[in-house]
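Structural description and commentary
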Amino acid sequence: MPHGPQEPVVPRTTAQVVDGVGPRLRALRAHRDVTLAALSEQTGVSVSTLSRLESGQRKPTLELLLPLARAYQVPLDDLVGAPQTGDPRVHMKPEVHGGRVVVPLTKRTGGVRSFKQLFPPNEPGGEPSLKTHEGYEWLYVLSGRLRLVLGEHDLDLGPGEVAEFDTHTPHWIGNVTDSVTEVLCLYGPQGERAHVRSRPTR
């Protein structure tokens, strides 16, 4: 069925984007069912400032929007409704931590975050040194082999195998093989974990 001519997309001006922040913040807070008082306690921004920000009487600034983005766990661009750049690709910037390459797969500033990790051969070297920290971790081996020392357990994980654990448990993760190991990781810094809604029948 033929379609009629489409309306041209009219880009919004900076002023229009800024004017739309207040209603967007008010709708987001209502959707999350959060009071101004609770949001103020979480962000450190006064109730009066939050109210004026939502009503458009206070112009949004980075100092105000960044704590709100963290509180709502959304990217800053989503919070302000920034116009699309026209490039649909997600540009992931690899980071190097302790010799391993870490590729963030989400832009969330809080809650459960996902990463792809590349463990170089025999990394880290030396005897396992078990550590503990806040959080909950879920690991899925994509390729190669991963050694996980978890409390009293010493596990050898291969492709398709999964491990999940509370990071308060003493643990050590490493690649003791001669080839790169690729791992998909979900990490909840405050102990959040993935919620399984269904499980395969035996």
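- If you look the protein up in an unreviewed UniProt entry, it shows as XRE family transcriptional regulator from Curtobacterium citreum.

What about the overall build of the protein?
- Counting secondary structure elements, the protein contains 6 helices and 9 strands.
- As presented, the protein carries roughly 13,500 Å² of accessible surface, and 54% of it is formed by carbon and sulfur atoms.

Describing the packing of helix 3 (residues 36-43) against helix 4 (residues 47-55)
- Where helix 3 meets helix 4, the closest approach of the two axes is 9 Å, and the angle between their N-to-C directions is 110°. Looking at the two axes, helix 3 sits roughly perpendicular to helix 4. You can see that helix 3 and helix 4 cross each other, and the crossing is right-handed. Note on element contacts: helix 4 touches helix 3 through V47, L50, S51 and E54, opposite L36, A37, L39 and S40.
- Grouping the amino acids of the contact of helix 3 with helix 4 by side-chain chemistry returns 5 nonpolar, 2 polar and 1 charged.

Quick word on the pairing of strand 9 (residues 181-188)
- Bridge count for strand 3 (residues 113-119) against strand 9 is 7 bridges, and the pairing is antiparallel. Bridge pairing in strand 9 places L118 opposite E182.
- For strand 4 (residues 136-143) and strand 9, the ladder comprises 7 bridges, and the chain directions are antiparallel. Following the sheet pairing, L139 is matched in strand 9 by C185.

Observations concerning the side chain of E137
- Within the fold, E137 resides in strand 4.
- In this structure E137 comes out as buried when scored by relative accessible area, which is 8%.
- If sequence neighbours within four positions are ignored, E137 has contacts with Q117, A163, E164, F165, T167, I173, C185, L186 and Y187.

So, how was this worked out
- Residues numbered from 1 in each chain as written.
- Predicted model: local features only at pLDDT ≥ 70, side-chain atom pairs only at ≥ 80, totals over all residues.
- Heavy atoms only, no water.
- Helix = DSSP H or I, 4+ residues; strand = E, 2+ residues; numbered from the N terminus.
- Areas by Shrake-Rupley, 256 points an atom, 1.4 Å probe, with all protein chains shown as cover.
- Axes fitted to C-alpha atoms, helices over the stretch in contact; angles between N-to-C directions.
- Parallel < 35°, antiparallel > 145°, perpendicular 65-115°, else oblique.
- Left-handed = near helix turned anticlockwise from the far one by under 90°.
- Contact = heavy atoms within 4.5 Å.
- Nonpolar A, V, L, I, M, F, W, Y, C, P; charged D, E, K, R; others polar.
- Pairing = 2+ DSSP bridges.
- Buried < 20%, exposed > 50% of the residue type's maximum accessible area, 1.4 Å probe, protein only.

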